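Residues per chain, in single letters:
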Amino acid sequence: MDTKFHGVGVAIVTPFSADQSIDFDGFGRIVRHISDGGVRYIVLQGTTGESPTVTKQEKKQLLQYLKENNPKNLPIVFGVGGNVTADVVSGMKDIDFEGVDAILSVCPYYNKPGKRGVIEHFTRVADASPVPVILYNIPFRTGINMSAETICELAQHPNIIGVKEASCVIEQCMEIARDKPEDFLLISGDDVQAVPIISIGGVGVMSVIANAFPAKFTGLIDAALQGDFAFARKELSHFLRIDPLLYEEGNPVGVKSILEIMGISSAEVRLPLMRASDDLAERQRAVLQRDGLLELVA
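Residues numbered from 1 in each chain as written. Predicted model: local features only at pLDDT ≥ 70, side-chain atom pairs only at ≥ 80, totals over all residues. Heavy atoms only, no water.

You'll find the protein chain entered in an unreviewed UniProt entry as 4-hydroxy-tetrahydrodipicolinate synthase, with Spirosoma linguale given as the organism. Entered under Catalytic activity (unreviewed entry) in the UniProt record, the comment concerning the protein chain runs "L-aspartate 4-semialdehyde + pyruvate = (2S,4S)-4-hydroxy-2,3,4,5-tetrahydrodipicolinate + H2O + H(+)". Quoted verbatim from the Sequence similarities (unreviewed entry) field of UniProt, the annotation for the protein chain is "Belongs to the DapA family." (UniProt positions renumbered as here; feature names shortened; annotations may be inferred.)

J.: Can you help me understand the pairing of strand 1 (residues 7-11) in this one?
T.: If a strand is regular, its side chains alternate between the two faces of the sheet. Among the five residues of strand 1, five are classified as buried, and the element is accordingly described as predominantly covered. Two elements, strand 1 and strand 8 (residues 204-207), share four bridges in a ladder whose sense is parallel. Paired with Val10 across the two strands is Ser207, which belongs to strand 8. Summarising the sheet, strand 1 and strand 2 (residues 41-44) pair through three bridges and their orientation is parallel. Note that in strand 2 the partner of Gly9 across the bridge is Tyr41. Handedness of the crossover joining strand 1 and strand 2 through helix 1 (residues 24-36): right-handed. (Buried < 20%, exposed > 50% of the residue type's maximum accessible area, 1.4 Å probe, protein only. Helix = DSSP H or I, 4+ residues; strand = E, 2+ residues; numbered from the N terminus. Pairing = 2+ DSSP bridges. Right-handed = clockwise from strand over helix to strand, strands pointing away.)

J.: Would you take a moment to explain the sheet that holds strand 6 (residues 160-165) for this structure?
T.: Strand pairing within a sheet occurs via backbone hydrogen bonds; the two strands may be parallel or antiparallel. Read around the barrel, eight strands follow the order 1-2-3-4-5-6-7-8 and close on themselves; strand pairing throughout is parallel. On average, adjacent strands in this sheet sit at an angle of 25 degrees to one another, irrespective of strand direction. Where strand 6 and strand 7 (residues 185-188) come together, four bridges link them in parallel fashion. Looking at strand 7, one finds that Glu165 is bridged to Ser188. Those strands touched by helix 4 (residues 115-128) are strand 4 (102-106), strand 5 (133-137) and strand 6, and its axis lies near 160 degrees from that of strand 4. (Axes fitted to C-alpha atoms, helices over the stretch in contact; angles between N-to-C directions. Contact = heavy atoms within 4.5 Å.)

J.: When you look at the packing of aromatic side chains in this model, what are you seeing that I'm missing?
T.: Aromatic ring pairs are described here by two measures, namely the spacing of the ring centres and the angle between the planes. Counted by the stated rule, this structure contains five aromatic pairs. With a centroid separation of 5.1 Å and 80 degrees between ring planes, the pair formed by Phe5 and Tyr41 is classed as edge-to-face. One end of the pair, Phe5, is in the segment before strand 1; the other, Tyr41, is in strand 2, with 36 residues separating them in the sequence. Here Phe5 and Tyr41 have matching classes, each one buried. Aromatic pair Phe213 and Phe239: ring centres 6.1 Å apart, planes at 55 degrees, arrangement tilted. Of the two residues, Phe213 sits in the loop between strand 8 and helix 9 (214-225) while Phe239 sits in the loop between helix 10 (229-236) and helix 11 (253-261), which places them 26 residues apart along the sequence. Judged by its relative accessible area of 2%, Phe213 falls in the buried class. One aromatic cluster is present, built from ring pairs that chain together Phe24, Phe27 and Tyr65. (Phe/Tyr/Trp six-rings, centres within 6.5 Å; stacked < 30°, edge-to-face > 60°.)

J.: Whenever I open this one, the packing of helix 1 against helix 2 (residues 56-68) confuses me. Can you help?
T.: Two numbers describe a pair of packed helices, the interaxial angle and the distance between the axes. For the pair helix 1 and helix 2, the least separation of the axes is 11 Å and the interaxial angle reads 45 degrees. Judged by the angle between their axes, helix 1 and helix 2 are oblique. The hand of the helix 1/helix 2 crossing is right-handed. Of the residues in helix 2, those in contact with Phe24, Phe27, Gly28 and Val31 of helix 1 are Gln61, Leu62, Tyr65 and Leu66. In the contact of helix 1 with helix 2, the residues fall into six nonpolar, two polar and no charged. (Parallel < 35°, antiparallel > 145°, perpendicular 65-115°, else oblique. Left-handed = near helix turned anticlockwise from the far one by under 90°. Nonpolar A, V, L, I, M, F, W, Y, C, P; charged D, E, K, R; others polar.)

J.: Would you mind going over the UniProt feature "site: Part of a proton relay during catalysis" (unreviewed entry) in the protein chain with me for this structure?
T.: According to UniProt, the feature "site: Part of a proton relay during catalysis" (unreviewed entry) maps to Thr47 and Tyr110 in the numbering used here. Along the chain, the position of Thr47 falls in the loop between strand 2 and helix 2. On the basis of relative accessibility, which here comes to 19%, the residue Thr47 falls in the buried class. When near neighbours in sequence (up to four residues on either side) are disregarded, Thr47 contacts Tyr136 and Arg141. For Tyr110, the position within the fold is in the loop between strand 4 and helix 4. In this structure Tyr110 touches Asn83 and Thr142, once residues within four positions along its chain are discounted.

J.: How do you make sense of the pattern of salt bridges when you look at a structure like this?
T.: Side chains bearing opposite charge may pair, as long as their charged atoms lie close to each other. Applying the stated criterion across every chain yields a total of 16 salt bridges. Note that Asp222 and Arg40 form a salt bridge whose closest N and O atoms lie 2.3 Å from each other. Here Arg40 lies in the loop between helix 1 and strand 2 and Asp222 lies in helix 9, a separation of 182 residues in the sequence. Its relative accessible area of 16% is what places Asp222 among the buried residues. Here the salt bridges do not stand alone but share partners, grouping Lys115, Glu149 and Glu153 into one network. (Salt bridge = Lys/Arg side-chain N within 4 Å of Asp/Glu carboxyl O.)

J.: How should the environment of Gly9 be read in this particular structure?
T.: As for its placement among the helices and strands, Gly9 is situated in strand 1. For Gly9, a relative accessible area of 0% gives the class buried. Spatially, the C-alpha atom of Gly9 lies 19 Å from that of Gly26, the residues being 17 residues apart in sequence. Among all residues touching Gly9, those that are not within four sequence positions of it are Tyr41, Val205, Met206 and Ser207.

Below is the structure:
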């Protein structure tokens, strides 16, 4: 079994300067920070990368920069998705897939297709993609939930290798684990649920919090994958109070605020998101100190 997508993948943020341009120096610092922290792969231009407000040209620039500034040569998963199937398929012709190990493709949002539409959409994406496809199920954002039955039917496609499962419904995750092909990857899309999902057959997580705390989070996920759930549960408890503060004002507002507290990159985001309020940042500092995470801050 290919294990390159086992463990922690980081849904990496896109840092911006005060003028809203991409801060490539800050991006490089984050890449080095997470690489030194031992993460297994990088997920570029997912939701946490603010993909809806990053232009196609900027996406290409970010991908090229990452290819040229990837000190540990970590596998790259590139976000390629949308709710217009023809645009997703045709858009792949403009992407340089050299050095890209897989794409992450979100379930079509807003127009809310039925099961047949979802299956046909991803079949066409997988047929067109020159690299393997990881499905992304996140009902909170898309408005529809890909059922375990739908995911496992799509798992029969030879170019669909896994799912980032962010329904946060553990019963659905159990159904996927029960019915999927043996080599199909069940990946948690939620940091706090990662350990429970690993316990039922998941292989890791595409993480937000690991932007800030890659070594500590990778350590607990690796422990869970090795069957040491007592250690994993104990370490995960350190993140339980900070996790809700990542999303209170929208993602990646919260984790970018922490990265600014750490002196790694700016908390700037693009509208319609707003940078973290002073109140949120102060509460984050208090929680980080209380739970012993500030000692990890440079």
